[in-house]
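# Breakdown of the fold
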Amino acid sequence: MPPLPLAAGIGLRAPHVAQIAEHRPAVGFLEVHTENYFGGGARLKTLERLRETYPLSFHGVGLSLGRADGLDREHLRQVAALVKRFDPILVSEHLSWSAYSHVCVPDLLPVPLTHEALDIFAGHIDEFQQLVGRQVLIENPSNYVAFDGLDYDEPEFLSLLARRTGCGLLLDLNNIFVSAHNLKRDPLAYLDGIGYAKSVQQFHLAGHIRSGELLLDTHGTTVGADVWSLYNQALEKFGPKPTLIEWDSDIPPLDILLAQAAEADRHTRIPAHV
Amino acid sequence: MFDTRSLAGFQVEFLQAVTASQPPEHPGLRVHHDTWFLGLIACLEEVYAATRTTLGEEAFKAFARDYIHAHPQVHGDRNLYGDEFADLLTRHPELTIDWLPALARYEWALHRAECADDTPACDFEALLDPHGRIGLHPATQRIHLDHDIRPAYTAALAGEAPSPVHSLVCDALIGRARDDEILHLCLAPLEAEFLTLLTQERSLMTVLDRLNPTPDDMSLLQTLLARLVQNGLLVSLSENPS
């Protein structure tokens, strides 16, 4: 496995694919949503061509690791097939759930962090890593709902998962900031609460908006000043890691994403390269 | 707000709150409700771009809302969501454009042709196997059309008003060729019957025996078969093709 790129990457989104394929701009890596490449057709061949230039990161959004009724084995099989075919540098999923019984939702829903949830997540992460044959990084979600009667806070839960399963952690600084605001917590205390620092292997950065009392993790604006500041704190605590600029709604011209990636590189003092 | 002592019980309650027809009052739950609803609308808009343009934004959203409440998403793969949208339009009492279900059916077939699995296609050898079984490739969709829908589809995507859409009864194949080009084949009645028989667990020889085609018909079927096999629109369903 080649060394992980420290230059920032960008999410590969449909409006930019042709431009990136033609001009091959300098970014550290491209991250794709794994489920967008289920099935076949021209999309996969295009991704194969891009892989010749860029390291790829596969970021799952639909496996529902926190579901209480067992993983969807067919979904997992498709993830494994894609990982085998493209050999991405990073494979990640979320500390969330999105399906139970026969209903799925296109969202990352919050899990009450209890002993039972820890056992379920750990079992599913073991299953994932065994079948896919790769370490998975688990990303902290954005939170909008507080629960009573929990056994852990989120950093503690993530650290325990990493120790128990050998999974890595993907810290989304925007999600930490948004959740801290919405649940009235301290974002710096979150970073300090990650007791297993060496498990942190990737950062995500994105924009958010305010809606009434809440901050919404929209992935539709530039990264906010508070999140850049939190990123600096994370760099100090965990060191430079592959960092992604995420942008999923109101997708801007590619140049804006590249400028955000260059900004992330300035924070890590790493020249962009491929 | 939720009982978190059992994760399964919590997930049932939480899903009910998020997918309720009325948005929840709790601001945080409402965020999840909106993400669920707008996410599925976005899925449908992506697949049914021409149907949406023809209907207009608001009318499309109203039909999509009905669809989402009647058809929960059941796969984590969002490419599989929306398969029965044309059926909902067919049955919907408020739909006034009689050819719109055909347009939606056509768009679903195009969508599946573009993103279905890359299963290996069958070759002529498999087709000639007397014990072989043949099926349509997952990226080949067979649809029954009651209107000539392609001009309306092209006009809608170009943002133009559709010219009159004529009635036309035909079975069509929409498929992804080996070079990823999307093919449209309108089947003559004999070709449609031939393909029906061929994909009903019958070998090629059995089908030809049954149809007993004239030399002209045979020539038509040979041309069809050549197009289907060369473009990779068929698969072998035999476990051990000889």
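Residues numbered from 1 in each chain as written. Chains lettered and ligands numbered in written order. Predicted model: local features only at pLDDT ≥ 70, side-chain atom pairs only at ≥ 80, totals over all residues.

In this section: the overall build of chain B. Of regular secondary structure, chain B possesses 11 helices and 5 strands. Each of the three principal axes of chain B carries a C-alpha extent, and together these read 70 × 50 × 30 Å. Partitioning the intrachain contacts of chain B with sequence separation of at least 6 by distance along the chain shows that 62% fall at a separation of at least 24. (Helix = DSSP H or I, 4+ residues; strand = E, 2+ residues; numbered from the N terminus. Contact = placed C-beta atoms within 7 Å.)

Judged by nonpolar contacts, the single largest core of 129 residues is most densely connected at Ile138, Leu169, Leu173, Leu205 and Ile245 of chain A together with Leu103 and Ile149 of chain B. Per-element accounting of this core gives the leading share, 10 residues, to helix α6 (residues 100-115) of chain B. Each of two domains, domain 1 (7-96) and domain 2 (117-242) of chain B, supplies a minimum of three residues to this core. Ignoring sequence-local partners within four residues, the contact set of Leu173 of chain A consists of Phe203, His204, Leu205, Val227, Leu230, Tyr231 and Ala234 of chain A. (Core = buried A, V, L, I, M, F, W, Y, C linked by C-beta atoms within 7 Å. Buried ≥ 20, exposed ≤ 12 C-beta atoms within 10 Å, placed from the backbone. Domains from an automatic or database assignment.)

Turning our attention to the interface of chain A and chain B. Each partner contributes residues to the interface: chain A has 41 residues there, and chain B has 36 residues. Elements that contribute at least two residues to the side of chain A that touches chain B include exactly α2 (42-51), β5 (97-100), β6 (103-109), α4 (115-132) and β11 (214-216) of chain A. Counting residues per element, the side of chain A that touches chain B draws most heavily on β6 of chain A, which supplies 6 residues. Class assignment for the residues of the side of chain A that touches chain B results in 21 nonpolar, 12 polar and 8 charged. (Nonpolar A, V, L, I, M, F, W, Y, C, P; charged D, E, K, R; others polar.)

What follows covers the confidence of the model for chain B. Across chain B, pLDDT averages 93, with 98% of residues at or above 70. Both scores are available for the predicted complex, with the pTM at 0.94 and the ipTM at 0.95. (pLDDT = per-residue confidence, 0-100.)

Moving on, we come to the environment of Gly11 of chain A. All names here are of chain A. Structurally, the position occupied by Gly11 is in strand β1 (residues 9-11). What makes Gly11 buried here is the crowd of 21 C-beta atoms within 10 Å. Between the C-alpha atom of Gly11 and that of Glu31, which follows or precedes it by 20 residues, the distance is 4.6 Å. Beyond its immediate chain neighbours, meaning those up to four positions away, Gly11 contacts Glu31, Leu244, Glu246, Trp247 and Asp248.

With that out of the way, let us pick up the sheet that holds strand β3 (residues 56-59) of chain A. Residues and elements named next belong to chain A. Strand order in this closed barrel of 8 strands is β1-β2-β3-β4-β7-β8-β9-β12, and the pairing throughout is parallel. Taking the axes of each pair of neighbouring strands and ignoring which way they run, one obtains an average angle of 30° across the sheet. Sheet strands in contact with helix α6 (residues 173-183) are β8 (168-172) and β9 (200-205), and its direction is about 65° off that of β8. (Pairing = 2+ DSSP bridges. Axes fitted to C-alpha atoms, helices over the stretch in contact; angles between N-to-C directions.)

The next thing to look at is the environment of Pro155 of chain A. Residue and element names in this part refer to chain A. Secondary-structure assignment places Pro155 in helix α5 (residues 154-165). By the C-beta count within 10 Å, which is 20 here, Pro155 ends up buried. When the C-alpha atoms of Pro155 and Pro141 are compared, they prove to be 11 Å apart, with 14 residues separating the residues in sequence. Look past the residues within four positions of Pro155 in its chain and what remains in contact with it is Tyr190, Gly193 and Ile194.

The next point concerns the sheet that holds strand β3 (residues 167-176) of chain B. All names here are of chain B. The strand order β2-β3-β4 describes an open sheet built from 3 strands, whose pairing is antiparallel. Taken across any chain shown, the strands that pair with only one partner, and hence form the sheet edges, are β2 (140-147) and β4 (182-187). Each strand axis lies, on average, 25° off the axis of its neighbour in the sheet, ignoring direction. One ladder, built from 7 bridges, connects β2 with β3; its direction is antiparallel.

Turning next to unusual backbone geometry. Backbone geometry places Asp250 of chain A, a non-glycine residue, at a positive phi of 45°. Tracing the backbone through its elements, the reader meets Asp250 of chain A in the loop between β12 (243-245) and α9 (254-268). Classification of Asp250 of chain A by C-beta neighbours within 10 Å gives exposed; the count is 10. A positive phi angle, near 75°, is found at Asp180 of chain B, a position not held by glycine.

Under the present numbering, the feature "domain: Putative DNA-binding" (unreviewed entry) in UniProt falls on residues 10-89 of chain B. Between the C-alpha atoms that bound residues 10-89 of chain B the distance is 35 Å, and the span itself is 70% helix and 0% strand. (UniProt positions renumbered as here; feature names shortened; annotations may be inferred.)

For any two helices packed against each other, the geometry comes down to the angle between their axes and how far apart the axes lie. Residue and element names in this part refer to chain A. The contact between helix α3 (residues 73-86) and α4 brings their axes to 9 Å, and the two run at 45°. The angle between the axes of α3 and α4 places the two elements in the oblique class. In terms of crossing hand, the pair formed by α3 and α4 is right-handed. Residues Leu76, Val79, Ala80 and Val83 of α3 form the contact with α4, whose participating residues are Phe128, Leu131 and Val132. For the contact of α3 with α4, the per-class residue count stands at 7 nonpolar, no polar and no charged. (Parallel < 35°, antiparallel > 145°, perpendicular 65-115°, else oblique. Left-handed = near helix turned anticlockwise from the far one by under 90°.)

All names here are of chain B. Domain annotation of chain B identifies domain 1 (7-96) and domain 2 (117-242). A separation of 32 Å is found between the C-alpha centroids of domain 1 and domain 2. The interface of domain 1 with domain 2 comprises 4 residues on the first partner and 5 residues on the second. Considered class by class, the residues forming the side of domain 1 that touches domain 2 number 2 nonpolar, 2 polar and no charged.

So, on to α3 of chain A. Think of an α-helix as turning once every 3.6 residues; residues three or four places apart then point the same way. Residues and elements named next belong to chain A. Taking 1.5 Å of rise per residue, 14 residues should cover 20 Å, and α3 covers 20 Å from first to last C-alpha, within 8% of that figure. Those residues of α3 not exposed but buried are His75, Gln78, Val79 and Leu82. The buried side chains of α3 occupy one side of the element, clustering within an arc of 100° when seen end-on. Seen from the buried face of α3, the exposed residues on the opposite side, beyond 90 degrees, are Arg73, Glu74, Arg77 and Lys84. Looking at the buried positions of α3, the neighbouring elements they touch are β3 and α4. Directly beyond the C-terminal end of α3, a positive phi value near 45° is found at Asp87. (Expected span 1.5 Å × (residues − 1). Arc of directions from axis to C-beta.)

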